[in-house]
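Overview (structure and organization)
Spelled out, the chains give:
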Amino acid sequence: AESGRILKKSRQKAMKKSSGNISVGRANHQDSVEYLYASLKQVYQKSFVPLEEYSNFADFFSPIMADNDIDAKPFVLLVGQYSVGKTSFINHLLGDRATGYPGSNVGPEPTTDRFVAIMHGPEERVLPGNAVAVSPSKPFKGLQVFGNAFLQKFECAEMRAEALEAMTLIDTPGVLSGEKQRIGRNYDMPQVCRWFAERSDLILLLFDAHKLDISDEFKTVVESLRGNDDKIRIVLNKSDQVTPQQLMRVYGALMWSLGKVFRTPEVTRVYISSYWNLPYAEPGRMSAELFDKEKADLFRDLRDIPKNAAVRRVNELVKRARTCKVHALVCACLRKMMPAMFGKEKKQKELLDSLEVIFMAVAQEHGISPGDFPEAGAYREKLVRWVGTGRTLANLPKHNKELVRRLDESLTSDIPVLLRPLAVVQEHD
């Protein structure tokens with residue numbers, strides 16, 4: 001009997017200790033995330049920035065990151081053709097307010113003509129793009145590279161909303177078909193979308209069940225998202241407007257159209273529902289249970305974004321570091337192969353035409369995976385623009401072994417050490 005009481009007391013003590021550890025783990029989660037962000041900033045400045053500056057990384061890819069680029073709230077990017085329900089989706093997510101988010105407008109015609117970052121704020125207000133891009137408290141400094149023409153079509157809407165306490169939503173202009181819309185834009189929309197995509201934790205491509213055609217410009221925008229495939233989710237909106245039989249055909253047609261754009265064998269997750277506060281339309285009421293489950297799945301994924309934001313931020317920095325390393329090694333190889341005196345122009349053309357071979361040579365020499373290299377055609381265009389400023393490939397930086405070694409050391413030692421406390425907290429959680 002005494003031994004039984006001792007065992008029972010031991011179990012109770014162990015359970016109490018375990019419960020206490022879980023509570024402490026959850027309480028320390030935010031501290032672990034803040035510590036991770038602070039350490040990432042130090043590692044980035046110490047080991048990443050020197051090689052980025054030395055290799056002119058900003059001229060080919062993206063500017064050096066500021067501190068608030070690293071610890072910013074997760075981005076959710078919404079992209080789609082006009083009148084597919086992007087703004088209505090955001091309003092539904094924010095609680096179906098009658099007035100929507102500040103500055104929003106909903107209608108069957110193209111109503112959103114600018115990029116809008118919807119963020120949490122103490123009061124409702126709309127900030128112009130130029131002011132947002134220079135604000136030290138906003139993670140949009142990198143947008144200045146797109147110039148005043150774009151910043152005039154960018155704004156930040158602040159409001160109080162529970163969903164915005166954990167993430168920032170990016171609403172985009174509706175993409176139209178034909179040349180008219182492209183002629184009217186005096187900024188590079190695909191490149192702007194790519195800038196946001198690289199910093200987003202989730203990318204939602206919205207389609208209307210009645211408009212599945214993918215215009216040329218929308219195809220270009222989707223192609224600019226390559227390299228971020230793991231973040232992309234498809235939303236087939238307004239699905240209640242068609243019958244179950246029609247919905248099956250619409251889904252098949254959508255997957256066929258997407259297959260031509262993404263050019264990958266993997267199937268992208270598709271959420272089928274109608275995202276607004278109105279009752280389901282008569283044609284789709286037989287599928288109401290399916291729509292409710294799909295909507296719940298999508299909202300669950302959105303709620304999970306903040307939990308994985310810190311790990312995803314590390315993933316993005318590691319991806320950026322590998323791209324920078326490859327860029328530096330390719331630049332050094334191109335410079336090394338340029339002649340010292342005569343025939344520079346001819347040799348430069350030969351090198352630009354044979355970038356794929358250069359990539360293979362660099363990969364074999366330094367033991368780099370071919371998957372770490374950029375798309376040859378896009379990289380060739382960047383090199384052509386770079387040499388078009390009066391420089392030649394001979395002006396590219398030499399191979400700096402010390403900076404590359406420092407970057408490799410951070411990837412193999414510093415980053416794994418930073419992730420350990422977060423992994424321990426998640427195990428307790």
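1. Observations concerning the overall build of the chain
A count of helices and strands for the chain gives 15 helices and eight strands. Expressed as a percentage of its 429 residues, the buried residues of the chain come to 46%. Looking at the chain alone, contacts between residues at least 24 apart form 81% of all its contacts between residues at least 6 apart. Of the roughly 21,900 Å² that the chain leaves accessible, carbon and sulfur atoms contribute 53%.

2. Quick word on the packing of helix H13 (residues 355-366) against helix H14 (residues 376-387)
Interhelical geometry of H13 versus H14 gives an angle of 105° and a closest axis separation of 10 Å. Taken as axis vectors, H13 and H14 run roughly perpendicular relative to one another. Residue-level contacts link Leu355, Glu356 and Phe359 of H13 to Ala376, Tyr379, Arg380 and Leu383 of H14.

3. Quick notes on the side chain of Ser274
Here Ser274 shows up in the loop between strand E8 (270-272) and helix H11 (288-337). Residue Ser274 is classed as buried on the basis of its relative accessible area of 0%. A polar atom in the side chain of Ser274 sits 2.5 Å from the side chain of Asp240.

4. Some remarks on the pattern of salt bridges
Going through the model one piece at a time under the given rule, you end up with 25 salt bridges. With a shortest N-O distance of 2.6 Å, Asp71 and Lys41 are connected by a salt bridge. Of this pair, Asp71 sits in the loop between helix H3 (67-70) and strand E1 (75-80) while Lys41 sits in helix H1 (residues 2-54), and the two are 30 residues apart along the sequence. Asp71 gets classed as partly exposed once you look at its relative accessible area, which sits at 33%. Since its relative accessible area comes to 19%, Lys41 is described here as buried. Ionic pairing is found between Asp230 and Arg312, a salt bridge with its closest N-O pair at 3.3 Å. Separated by 82 residues along the polypeptide, Asp230 in the loop between helix H9 (216-223) and strand E7 (232-237) and Arg312 in helix H11 bring together distant segments of the chain. Judged by its relative accessible area of 40%, Asp230 falls in the partly exposed class.

5. Some words on the nonpolar core
Core analysis: the biggest nonpolar cluster contains 47 residues, and Phe140, Phe154, Phe196, Leu205 and Leu236 have the highest contact counts within it. Residues within four places of Phe154 in sequence aside, it is in contact with Arg114, Phe115, Ala117, Pro128, Gly129, Val132, Phe140, Leu143 and Phe196. In terms of nonpolar packing, the next biggest core, distinct from the first, is built from 26 residues, Ile90, Leu164, Val235 and Tyr271 among them.

6. Some points on helix H12 (residues 344-353)
Burial in H12 covers these residues: Gln348, Leu351 and Leu352. The arc enclosing the buried residues of H12, seen along the axis, measures out at 95°, which places them on a common side. In this structure, H12 carries Lys346 and Lys349 as exposed residues pointing more than 90 degrees from its buried face.

7. Focus: unusual backbone geometry
Positive phi outside glycine occurs at Asn56, with the angle close to 55°. Mapped onto the secondary structure, Asn56 falls in the loop between H1 and helix H2 (57-60). Classification of Asn56 as partly exposed rests on a relative accessible area of 24%. Of note, the phi angle at Ser83 is positive, near 60°, even though the residue is not glycine. Within the secondary structure, Ser83 sits in the loop between E1 and helix H4 (86-93). The exposure class assigned to Ser83 is buried, which follows from its relative accessible area of 17%.

8. A closer look at the packing of H12 against H13
Relative orientation of the contacting elements H12 and H13 amounts to 75°, with a least axis distance of 5 Å. Relative to H13, the element H12 is oriented roughly perpendicular. Facing Leu351, Leu352 and Asp353 of H12, the residues of H13 in contact are Leu355, Glu356 and Ile358. Class assignment for the residues of the contact of H12 with H13 results in four nonpolar, no polar and two charged.

Criteria and thresholds
- All residue numbers here refer to positions counted from 1 along the written sequence of the relevant chain.
- Reporting in this predicted model follows two pLDDT cut-offs: at least 70 for local features of residues, and 80 or more for side-chain atom pairs to be given and counted; totals over whole chains, interfaces and linings ignore these cut-offs and use all residues.
- The basis for the side-chain values is all heavy atoms of the structure; hydrogens and waters are excluded.
- Working definition: helices are DSSP H or I runs of at least four residues, strands are E runs of at least two. Numbering for both runs from the N terminus.
- Classification of residues uses two cut-offs on accessible area relative to the type maximum, computed with a 1.4 Å probe and protein chains only: under 20% is buried, over 50% is exposed, and between them is partly exposed.
- Note on definitions: a residue-residue contact is assigned when non-hydrogen atoms from the two residues lie within 4.5 Å.
- Values of accessible area rely on a 1.4 Å probe in the Shrake-Rupley scheme; residue burial ignores everything except the protein chains shown.
- Axis angles are defined between N-to-C directions and span 0 to 180 degrees, where every axis is a line fitted to C-alpha atoms and, for a helix, only to the segment in contact.
- The labels follow the angle: roughly parallel below 35 degrees, roughly antiparallel above 145, roughly perpendicular from 65 to 115, and oblique for the rest.
- Polar contact is the term for a pair of N or O atoms within 3.5 Å; when the atoms are in protein, one must be able to donate a hydrogen and the other to accept it, and sequence-neighboring residues count only if both atoms are side-chain atoms.
- Should a side-chain nitrogen of Lys or Arg be within 4 Å of a carboxyl oxygen of Asp or Glu, the pair is scored as a salt bridge.
- Side-chain atoms within 4.5 Å are what join buried Ala, Val, Leu, Ile, Met, Phe, Trp, Tyr and Cys residues into a set we call a nonpolar core.
- The arc in question is formed by the directions pointing from the helix axis toward the C-beta atoms.
- By the convention adopted, Pro, Cys, Tyr, Trp, Phe, Met, Ile, Leu, Val and Ala count as nonpolar, Lys, Arg, Asp and Glu as charged, and the other residues, Gly among them, as polar.

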